[in-house]
Amino acid sequence: MLRNMEMNLMLSALLLICSWGGRAQEFMSPSVNIIAELEKIKLIEERLKSQDTTVTLLNSLVEELKRENAALKTMADTFQKKLYSLQQENEARKVAFSASLLDSGTGHTGPFSSVKSPLIYKKVFSNYRNGYNSSAGIFTAPLKGVYYFRFYAHCHGGHRLSVSLYKNDQRQCSVYTHKPPTNSNAGNGIVLTVEEGDQIYTKLSANSWVYDDPGSYTSFSGFLLFPL
Ligand SMILES: *[C@@H]1O[C@H](CO)[C@@H](O)[C@H](O)[C@H]1NC(C)=O
(Lines give C-alpha, C1' and ligand atoms only; values in the text may rest on other atoms or scores of the structure.)
Protein backbone atom coordinates (compact mmCIF):
# COMPACT_ATOMS: atom_id res chain seq x y z
CA MET A 1 0.00 0.00 0.00
CA LEU A 2 2.66 2.52 1.00
CA ARG A 3 4.90 1.44 -1.82
CA ASN A 4 2.13 2.12 -4.23
CA MET A 5 1.71 5.73 -3.03
CA GLU A 6 5.48 6.26 -3.28
CA MET A 7 5.47 4.97 -6.77
CA ASN A 8 2.70 7.34 -7.77
CA LEU A 9 4.52 10.38 -6.36
CA MET A 10 7.70 9.48 -8.13
CA LEU A 11 5.85 9.08 -11.40
CA SER A 12 4.20 12.49 -11.05
CA ALA A 13 7.54 14.19 -10.32
CA LEU A 14 9.05 12.56 -13.35
CA LEU A 15 6.21 13.72 -15.60
CA LEU A 16 6.52 17.30 -14.27
CA ILE A 17 10.26 17.40 -14.99
CA CYS A 18 9.67 16.06 -18.49
CA SER A 19 7.05 18.70 -19.29
CA TRP A 20 9.21 21.62 -18.08
CA GLY A 21 12.07 20.32 -20.09
CA GLY A 22 9.88 20.30 -23.18
CA ARG A 23 8.77 23.93 -22.72
CA ALA A 24 12.27 25.24 -22.28
CA GLN A 25 13.33 23.32 -25.32
CA GLU A 26 10.50 24.87 -27.41
CA PHE A 27 11.35 28.42 -26.38
CA MET A 28 14.97 28.00 -27.24
CA SER A 29 14.21 26.18 -30.50
CA PRO A 30 14.91 27.96 -33.85
CA SER A 31 11.13 27.79 -34.79
CA VAL A 32 10.52 31.07 -32.80
CA ASN A 33 12.37 33.89 -34.61
CA ILE A 34 12.60 36.76 -32.14
CA ILE A 35 14.09 39.19 -34.69
CA ALA A 36 11.17 38.60 -37.06
CA GLU A 37 8.72 39.09 -34.20
CA LEU A 38 10.39 42.38 -33.27
CA GLU A 39 10.22 43.49 -36.91
CA LYS A 40 6.49 42.79 -36.89
CA ILE A 41 6.01 44.85 -33.72
CA LYS A 42 8.02 47.68 -35.28
CA LEU A 43 5.78 47.60 -38.35
CA ILE A 44 2.67 47.72 -36.19
CA GLU A 45 4.14 50.70 -34.29
CA GLU A 46 4.84 52.52 -37.54
CA ARG A 47 1.35 51.82 -38.78
CA LEU A 48 -0.14 53.19 -35.53
CA LYS A 49 2.01 56.29 -35.82
CA SER A 50 0.84 56.93 -39.38
CA GLN A 51 -2.75 56.36 -38.24
CA ASP A 52 -2.21 59.01 -35.55
CA THR A 53 -1.10 61.43 -38.25
CA THR A 54 -4.20 60.58 -40.30
CA VAL A 55 -6.47 61.18 -37.30
CA THR A 56 -4.83 64.56 -36.68
CA LEU A 57 -5.34 65.48 -40.34
CA LEU A 58 -8.96 64.37 -40.25
CA ASN A 59 -9.55 66.36 -37.07
CA SER A 60 -8.23 69.54 -38.66
CA LEU A 61 -10.32 68.79 -41.75
CA VAL A 62 -13.41 68.41 -39.55
CA GLU A 63 -12.59 71.76 -37.88
CA GLU A 64 -12.21 73.42 -41.30
CA LEU A 65 -15.51 71.93 -42.50
CA LYS A 66 -17.22 73.14 -39.33
CA ARG A 67 -15.97 76.68 -39.99
CA GLU A 68 -17.07 76.48 -43.63
CA ASN A 69 -20.44 75.14 -42.56
CA ALA A 70 -20.90 78.00 -40.09
CA ALA A 71 -19.99 80.51 -42.82
CA LEU A 72 -22.47 78.86 -45.21
CA LYS A 73 -25.15 78.94 -42.54
CA THR A 74 -24.58 82.68 -42.04
CA MET A 75 -24.76 83.15 -45.81
CA ALA A 76 -27.95 81.07 -46.02
CA ASP A 77 -29.49 83.19 -43.22
CA THR A 78 -28.57 86.37 -45.09
CA PHE A 79 -30.08 85.01 -48.31
CA GLN A 80 -33.19 83.93 -46.41
CA LYS A 81 -33.64 87.47 -45.06
CA LYS A 82 -32.95 88.99 -48.47
CA LEU A 83 -35.42 86.60 -50.10
CA TYR A 84 -38.05 87.51 -47.52
CA SER A 85 -37.57 91.26 -48.07
CA LEU A 86 -37.69 90.72 -51.86
CA GLN A 87 -40.90 88.74 -51.47
CA GLN A 88 -42.36 91.56 -49.35
CA GLU A 89 -41.23 94.12 -51.92
CA ASN A 90 -42.67 92.04 -54.74
CA GLU A 91 -45.97 91.77 -52.87
CA ALA A 92 -45.98 95.53 -52.15
CA ARG A 93 -45.45 96.44 -55.80
CA LYS A 94 -48.62 94.67 -56.96
CA VAL A 95 -50.49 97.92 -57.56
CA ALA A 96 -52.94 98.12 -60.46
CA PHE A 97 -56.51 99.21 -61.02
CA SER A 98 -59.02 99.63 -63.80
CA ALA A 99 -62.56 101.00 -63.63
CA SER A 100 -65.21 102.30 -65.99
CA LEU A 101 -67.71 105.04 -65.31
CA LEU A 102 -71.07 103.31 -64.90
CA ASP A 103 -71.55 100.10 -62.95
CA SER A 104 -74.97 99.71 -64.56
CA GLY A 105 -77.24 101.47 -67.02
CA THR A 106 -76.58 103.92 -69.78
CA GLY A 107 -76.12 107.66 -69.89
CA HIS A 108 -74.26 110.93 -70.04
CA THR A 109 -72.36 112.45 -67.17
CA GLY A 110 -72.30 116.25 -67.26
CA PRO A 111 -72.46 119.00 -68.09
CA PHE A 112 -71.38 120.86 -64.96
CA SER A 113 -70.95 124.60 -64.92
CA SER A 114 -68.06 124.41 -62.46
CA VAL A 115 -66.29 121.17 -61.82
CA LYS A 116 -65.11 120.47 -58.32
CA SER A 117 -65.22 116.74 -57.97
CA PRO A 118 -63.44 113.98 -59.85
CA LEU A 119 -65.20 111.65 -62.25
CA ILE A 120 -66.24 108.64 -60.22
CA TYR A 121 -65.63 105.41 -62.11
CA LYS A 122 -67.98 102.93 -60.46
CA LYS A 123 -67.43 99.65 -62.26
CA VAL A 124 -64.18 98.28 -60.83
CA PHE A 125 -62.42 95.64 -62.94
CA SER A 126 -59.37 95.27 -60.74
CA ASN A 127 -57.94 97.07 -57.76
CA TYR A 128 -54.75 95.53 -56.41
CA ARG A 129 -53.78 96.99 -53.03
CA ASN A 130 -57.02 98.98 -53.09
CA GLY A 131 -55.32 102.17 -54.26
CA TYR A 132 -58.41 103.20 -56.18
CA ASN A 133 -61.43 104.43 -54.20
CA SER A 134 -64.58 103.85 -56.27
CA SER A 135 -66.64 106.11 -53.97
CA ALA A 136 -64.38 109.09 -54.65
CA GLY A 137 -62.92 108.32 -58.09
CA ILE A 138 -59.46 108.88 -56.64
CA PHE A 139 -56.38 106.69 -56.76
CA THR A 140 -54.11 107.21 -53.75
CA ALA A 141 -50.59 105.87 -54.31
CA PRO A 142 -49.78 103.23 -51.67
CA LEU A 143 -46.04 103.65 -52.34
CA LYS A 144 -43.61 105.98 -54.05
CA GLY A 145 -42.83 104.96 -57.60
CA VAL A 146 -43.21 105.47 -61.30
CA TYR A 147 -46.76 104.79 -62.45
CA TYR A 148 -48.59 104.68 -65.71
CA PHE A 149 -52.10 106.18 -65.87
CA ARG A 150 -54.45 106.36 -68.76
CA PHE A 151 -58.09 107.30 -69.36
CA TYR A 152 -60.51 106.97 -72.23
CA ALA A 153 -63.63 109.01 -72.76
CA HIS A 154 -66.57 108.65 -75.10
CA CYS A 155 -69.15 111.24 -76.12
CA HIS A 156 -72.15 111.41 -78.41
CA GLY A 157 -72.34 113.64 -81.46
CA GLY A 158 -72.86 117.34 -80.78
CA HIS A 159 -71.44 117.08 -77.24
CA ARG A 160 -68.25 118.75 -76.13
CA LEU A 161 -65.87 116.25 -74.58
CA SER A 162 -63.10 117.48 -72.27
CA VAL A 163 -61.42 115.44 -69.54
CA SER A 164 -58.13 116.00 -67.69
CA LEU A 165 -56.00 113.86 -65.43
CA TYR A 166 -54.79 115.43 -62.18
CA LYS A 167 -52.13 114.73 -59.64
CA ASN A 168 -52.88 116.53 -56.36
CA ASP A 169 -54.89 119.30 -58.07
CA GLN A 170 -52.27 119.74 -60.77
CA ARG A 171 -53.51 119.05 -64.27
CA GLN A 172 -51.20 116.59 -66.05
CA CYS A 173 -52.78 115.73 -69.40
CA SER A 174 -56.11 116.10 -71.18
CA VAL A 175 -58.37 115.08 -74.04
CA TYR A 176 -60.69 117.37 -75.95
CA THR A 177 -63.23 117.01 -78.75
CA HIS A 178 -65.45 119.92 -79.70
CA LYS A 179 -68.95 118.77 -80.57
CA PRO A 180 -68.09 116.05 -83.08
CA PRO A 181 -70.76 115.32 -85.75
CA THR A 182 -71.18 111.78 -84.39
CA ASN A 183 -69.92 109.58 -81.49
CA SER A 184 -66.32 110.23 -80.58
CA ASN A 185 -63.57 108.78 -78.39
CA ALA A 186 -60.50 110.31 -76.85
CA GLY A 187 -57.72 108.89 -74.70
CA ASN A 188 -54.48 109.91 -73.11
CA GLY A 189 -51.84 108.23 -70.98
CA ILE A 190 -48.88 109.35 -68.92
CA VAL A 191 -45.96 108.00 -66.92
CA LEU A 192 -45.71 109.89 -63.62
CA THR A 193 -43.36 109.96 -60.66
CA VAL A 194 -45.64 109.65 -57.67
CA GLU A 195 -45.01 110.00 -53.94
CA GLU A 196 -46.77 107.78 -51.43
CA GLY A 197 -50.17 109.32 -50.72
CA ASP A 198 -50.33 111.36 -53.94
CA GLN A 199 -53.84 111.48 -55.41
CA ILE A 200 -54.54 110.83 -59.07
CA TYR A 201 -57.96 111.32 -60.63
CA THR A 202 -59.71 112.70 -63.70
CA LYS A 203 -62.14 115.60 -63.99
CA LEU A 204 -64.64 116.64 -66.55
CA SER A 205 -64.15 120.25 -67.71
CA ALA A 206 -66.97 122.74 -67.44
CA ASN A 207 -69.78 122.38 -69.98
CA SER A 208 -68.69 119.01 -71.30
CA TRP A 209 -70.00 115.47 -71.31
CA VAL A 210 -68.85 111.88 -71.20
CA TYR A 211 -71.01 108.93 -72.08
CA ASP A 212 -70.94 105.36 -70.82
CA ASP A 213 -72.96 102.16 -71.00
CA PRO A 214 -72.30 98.45 -70.30
CA GLY A 215 -69.67 98.60 -73.09
CA SER A 216 -67.43 100.57 -70.66
CA TYR A 217 -66.35 103.23 -73.18
CA THR A 218 -65.21 105.69 -70.53
CA SER A 219 -62.56 104.30 -68.22
CA PHE A 220 -59.62 105.06 -65.96
CA SER A 221 -56.65 102.75 -65.25
CA GLY A 222 -53.28 102.90 -63.63
CA PHE A 223 -50.48 100.67 -62.44
CA LEU A 224 -47.09 100.84 -60.85
CA LEU A 225 -44.21 100.42 -63.29
CA PHE A 226 -41.53 100.26 -60.57
CA PRO A 227 -41.09 101.53 -57.01
CA LEU A 228 -38.60 104.30 -56.10
C1 LIG B 1 -63.30 106.57 -50.23
O2 LIG B 1 -63.89 107.82 -50.51
C3 LIG B 1 -65.00 108.12 -49.74
C4 LIG B 1 -65.63 109.41 -50.28
O5 LIG B 1 -64.69 110.45 -50.32
C6 LIG B 1 -64.58 108.26 -48.27
O7 LIG B 1 -65.69 108.53 -47.47
C8 LIG B 1 -63.93 106.94 -47.84
O9 LIG B 1 -63.41 107.07 -46.54
C10 LIG B 1 -62.82 106.56 -48.79
N11 LIG B 1 -62.36 105.25 -48.44
C12 LIG B 1 -61.10 105.00 -48.14
C13 LIG B 1 -60.80 103.58 -47.84
O14 LIG B 1 -60.26 105.87 -48.11
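Residues numbered from 1 in each chain as written. Predicted model: local features only at pLDDT ≥ 70, side-chain atom pairs only at ≥ 80, totals over all residues. Heavy atoms only, no water.

Caption draft 1: Up close: the side chain of Lys203. Inspection of the secondary structure puts Lys203 in strand β10 (residues 199-204). No salt bridge is formed by the buried Lys203, whose closest oppositely charged neighbour, Asp169, lies at an N-O distance of 5.5 Å. (Helix = DSSP H or I, 4+ residues; strand = E, 2+ residues; numbered from the N terminus. Buried < 20%, exposed > 50% of the residue type's maximum accessible area, 1.4 Å probe, protein only. Lys, Arg positive; Asp, Glu negative; His and termini not counted. Salt bridge = Lys/Arg side-chain N within 4 Å of Asp/Glu carboxyl O.)

Caption draft 2: Fine view of the site of the ligand. Around the ligand, the surrounding shell consists of Asn133, Ser135 and Ala136. For the ligand, whose accessible area on its own is 360 Å², the fraction buried by protein is 23%. (Near = heavy atom within 4 Å. Areas by Shrake-Rupley, 256 points an atom, 1.4 Å probe, with all protein chains shown as cover.)

Caption draft 3: Representation of the side chain of Thr202 within the structure. Along the chain, Thr202 falls in strand β10. Of the polar contacts made by the side chain of Thr202, one reaches the side chain of Tyr121; its length is 2.7 Å. Residues within four places of Thr202 in sequence aside, it is in contact with Pro118, Leu119, Tyr121, Phe151, Val163, Ser164, Leu165 and Phe220. (Polar contact = N/O pair within 3.5 Å; in protein donor to acceptor, adjacent residues only side chain to side chain. Contact = heavy atoms within 4.5 Å.)

Caption draft 4: Region of interest: the nonpolar core. Judged by nonpolar contacts, the single largest core of 29 residues is most densely connected at Phe139, Tyr147, Phe149, Val163, Leu165 and Phe220. Looking at this core element by element, the count peaks at 5 residues for strand β6 (residues 145-155). In contact with Leu165, other than residues within four places in its own chain, are Phe149, Phe151, Gln170, Arg171, Gln172, Cys173, Ile190, Leu192, Ile200, Tyr201, Thr202 and Phe220. (Core = buried A, V, L, I, M, F, W, Y, C linked by side-chain atoms within 4.5 Å.)

Caption draft 5: Geometry of a nonpolar patch on the surface. On the surface, Val191, Phe223, Leu225, Phe226 and Leu228 cluster together into a nonpolar patch covering about 460 Å² of accessible area. Of all the elements, strand β12 (residues 219-227) adds the most residues to the nonpolar patch, at 3 residues. Structurally, Phe223 is set in strand β12. (Patch = residues over 30% accessible without salt bridge, like charges linked within 9 Å, V, L, I, M, F, W, Y side chains within 5 Å.)

Purely geometric numbers; function is a separate question.
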